[in-house]
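Analysis of the macromolecular model
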Amino acid sequence: MISGATYTLPLNIRYPLQNTEKIIITLKNESTGIKRTKHYPNNEETWLMADGRIGVRLTQQDTIDLVGYVKIEAQINLKSGAVAKTKTERTYIASTLDTEIVEGA
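Okay, so let's go over this structure.

The rules we used
Numbers given to residues run from 1 along each chain, matching the order in which its sequence is written. Only residues with pLDDT of 70 or above have their local features reported here, since the model is predicted, and side-chain atom pairs are shown and tallied only from 80 upward, although totals for entire chains, interfaces and linings are computed over all residues. Side-chain numbers here rest on the full set of heavy atoms in the structure, without hydrogens or water. By the criteria applied, helices consist of DSSP H or I runs no shorter than four residues and strands consist of E runs no shorter than two, each listed in order from the N terminus. Burial classes: relative accessible area under 20% of the type maximum marks a residue as buried, over 50% as exposed, and values in between as partly exposed (1.4 Å probe, protein chains only). Strands are labelled as partners when DSSP assigns at least two bridges between them. Note on geometry: axes are C-alpha line fits, over the in-contact stretch for helices, and angles between N-to-C directions span 0 to 180 degrees.

In terms of regular secondary structure, the chain is built from one helix and eight strands. Its helices and strands taken in sequence order, the chain reads β-β-β-β-β-α-β-β-β from the N to the C terminus. Dimensions of the chain along its principal axes, counting C-alpha atoms only, are 45 × 30 × 20 Å. For the chain, buried positions account for 32% of its 105 residues.

Pairing between the strands of a sheet comes from backbone hydrogen bonds, and it takes one of two forms, parallel or antiparallel. Within the open sheet, the three strands sit side by side as β1-β5-β4. Their pairing is antiparallel. Edge positions in the sheet fall to β1 (7–11) and β4 (46–48), since each of these pairs with one other strand and no more. Mean inter-strand twist for the sheet, computed between neighbouring axes without regard to direction, equals 30°. Summarising the sheet, β1 and strand β5 (residues 54–58) pair through five bridges and their orientation is antiparallel. Counted as the bridge partner of tyrosine 7 is leucine 58 from β5.

And the structure:
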């Protein structure tokens, strides 16, 4: 990924979505501590992809703020009251020379 671009981050969730109350996705830059939290269901932040994964929208501002090594994990709140977590994954957002912010991106 590159800073200033928009992305869809696909997440595999091991639980049937009909058994979940909500899913909280956290992205955190390892060195700066800057965090972004996304929620499912929330049509502006996430959606169900055709292959069954959760698509997480990363805006231009997200990728600018999170540039560097980023940890990603999800907390799954089940309808039964149980709570599950995904394994913490890691990705990298490369810096760029310049970014013009596009409204709505």
